[in-house]
Amino acid sequence: MRKDPAKSSGAIYAKLFKRYAPFLSDSSPLKSPVKNLKIVDSTTISLFSDILKGVGRNPLNGKKKGGIKMHTMINALEDVPCLVRFSSAATHDHTFLKELNLEKDSFVVFDKAYNDYLQYLEWTLNDIYFVTRQKDNAVYKSIKEFDLADKTSNAVLKDELILVEKDTKSIQIRRVAYWDAEKEKVYEFITNNVEISPDQVADIYKHRWQIETMFKRLKQNFPLKYFLGDNQNAIEIQIWSALIVQLILLVIQRKVKRKWAYSNMVSVIRFYLMTYINLFKFLENPHKKWSELTSKPPDIQLKLFE
């Protein structure tokens, strides 16, 4: 049977993630408003050849570029993907929700592009909670308005229970209207959890931007603009390779006691990549004598992660 190199690369990433996920959670400088918070989003990587169907209409002049969409879920404390799926850029985001394997009492946050009321109902029946924004064209009926407690901030404008009809099914969802003073904008959040405060609902959604930061870190430090192959398999292998390196370097960043900005550390490591030095000694003290950084023979360097 012919092996799929892209799947093999994904399997390597999954094995590394399983090994280092507990360390990344325990050493995380990040904070989560709730336990077991997952963040879901996708990013599109443009392709100059029409390998995968691009999103949107064809341009009047020239040919529409292809694009590969990377659907991703991260744990708020780990800050690296725990689930990745690839599709064409034209694939609707909400289809990815069916891929999620979420534990009971866990939370998942995503933007309104993932709107799927039937999936919300299934999660509610299985004690899995979500937070997202309400779509602008949402049709609903208000059935109960909650009192705003004294501990609730003045930013909370409304906290209510609404009823949504979808495919002959009735779905009760909590709706929170929240005023963002910084952006001078009202945000309308929906969730199936009625226990947390409305301020927590808004705080959970704010953590959604963490995955945007992860995408930015990936694209800035491991440019995914030029690909070595011109087929889907080659492109996926290159993206998996970037994800593997990102994971390993994040582990290194958190293991080293000296504080490094991620991009600075990547630049330094890239510069000395072909030299035989003890990486951890170097990152702890870059000003050490070169002879002290190369005190161990090269074959020992391969055992630093064991």
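Residues numbered from 1 in each chain as written. Predicted model: local features only at pLDDT ≥ 70, side-chain atom pairs only at ≥ 80, totals over all residues. Heavy atoms only, no water.

Q: I'm lost on the packing of helix α1 (residues 5-26) against helix α5 (residues 232-255) in this one. Help?
A: Two packed helices can be described by the angle between their axes and the distance between those axes. Where α1 meets α5, the closest approach of the two axes is 9 Å, and the angle between their N-to-C directions is 15°. On the basis of the axis angle, α1 is roughly parallel to α5. Note on packing geometry: the crossing formed by α1 with α5 is left-handed. Across the interface between the two elements, Pro5, Ala6, Ser9, Gly10, Ile12, Tyr13, Leu16, Phe17, Tyr20, Phe23 and Leu24 of α1 pack against Asn233, Glu236, Ile237, Trp240, Leu243, Ile244, Leu247, Ile248, Leu250, Val251, Arg254 and Lys255 of α5. (Axes fitted to C-alpha atoms, helices over the stretch in contact; angles between N-to-C directions. Helix = DSSP H or I, 4+ residues; strand = E, 2+ residues; numbered from the N terminus. Parallel < 35°, antiparallel > 145°, perpendicular 65-115°, else oblique. Left-handed = near helix turned anticlockwise from the far one by under 90°. Contact = heavy atoms within 4.5 Å.)

Q: Help me understand the pattern of salt bridges in this model?
A: Counted under the stated rule, the structure contains 11 salt bridges. A salt bridge links arginine 174 to aspartate 159; the nearest nitrogen and oxygen atoms lie 2.8 Å apart. Of the two residues, arginine 174 sits in strand β8 (residues 169-180) while aspartate 159 sits in strand β7 (residues 156-166), which places them 15 residues apart along the sequence. Judged on exposure class, the residue arginine 174 and its partner aspartate 159 are both buried. Among the salt bridges present, the one from arginine 175 reaches glutamate 188, with a minimum N-O distance of 2.8 Å. Remark: glutamate 188 occurs in strand β9 (residues 185-191) and arginine 175 occurs in strand β8; sequence separation between them is 13 residues. Among the charged side chains, a network of salt bridges with common partners joins Asp41, Asp111, Arg208 and Glu212. (Salt bridge = Lys/Arg side-chain N within 4 Å of Asp/Glu carboxyl O. Buried < 20%, exposed > 50% of the residue type's maximum accessible area, 1.4 Å probe, protein only.)

Q: Explain the side chain of arginine 175 here, please?
A: The exposure class assigned to arginine 175 is buried, which follows from its relative accessible area of 7%. Of the polar contacts made by the side chain of arginine 175, one reaches the side chain of glutamine 134; its length is 3.0 Å. Reaching out from arginine 175, the side chain makes a polar contact with the side chain of tyrosine 140 at a distance of 3.4 Å. Setting aside residues no more than four positions away along its own chain, arginine 175 makes contact with Gln134, Tyr140, Lys158, Asp159, Glu160, Ile162, Glu188, Phe189 and Ile190. (Polar contact = N/O pair within 3.5 Å; in protein donor to acceptor, adjacent residues only side chain to side chain.)

Q: Looking at this structure, how should I read the pairing of β9?
A: Two faces, one strand: in a regular strand the side chains alternate between the faces of the sheet. Pairing analysis gives three bridges linking strand β5 (residues 129-133) to β9, with the strands arranged antiparallel. Bridged to arginine 133 within β9 is phenylalanine 189. (Pairing = 2+ DSSP bridges.)

Q: Before we go on, may I ask you to explain helix α3 (residues 198-206) in this structure?
A: Side chains of residues three or four places apart in an α-helix project in the same direction, reflecting 3.6 residues per turn. Taken residue by residue, α3 has Pro198, Val201, Ala202, Ile204 and Tyr205 as its buried positions. The buried side chains of α3 occupy one side of the element, clustering within an arc of 160° when seen end-on. (Arc of directions from axis to C-beta.)

Q: Just to check I follow, could you spell out the layout of surface pockets for this structure?
A: One water molecule sets the probe size; rolling that probe over the atoms shows where empty space is left. In this structure, the second largest pocket encloses a volume near 270 Å³. If you go around the second largest pocket, you meet 14 residues; those closest to its centre are Asp180, Lys183, Tyr187, Tyr205 and Trp209. Mapped onto the lining of the second largest pocket, the elements with two or more residues apiece are β8, β9 and α3. No other element matches α3, which puts three residues into the lining of the second largest pocket. (1 Å grid on protein atoms, 1.4 Å probe; cavity = no way out; pocket = protein on both sides within 12 Å on 5 of 7 lines; lining within 4 Å. Points joined across faces, edges and corners; volume = space filled by probe spheres on them.)

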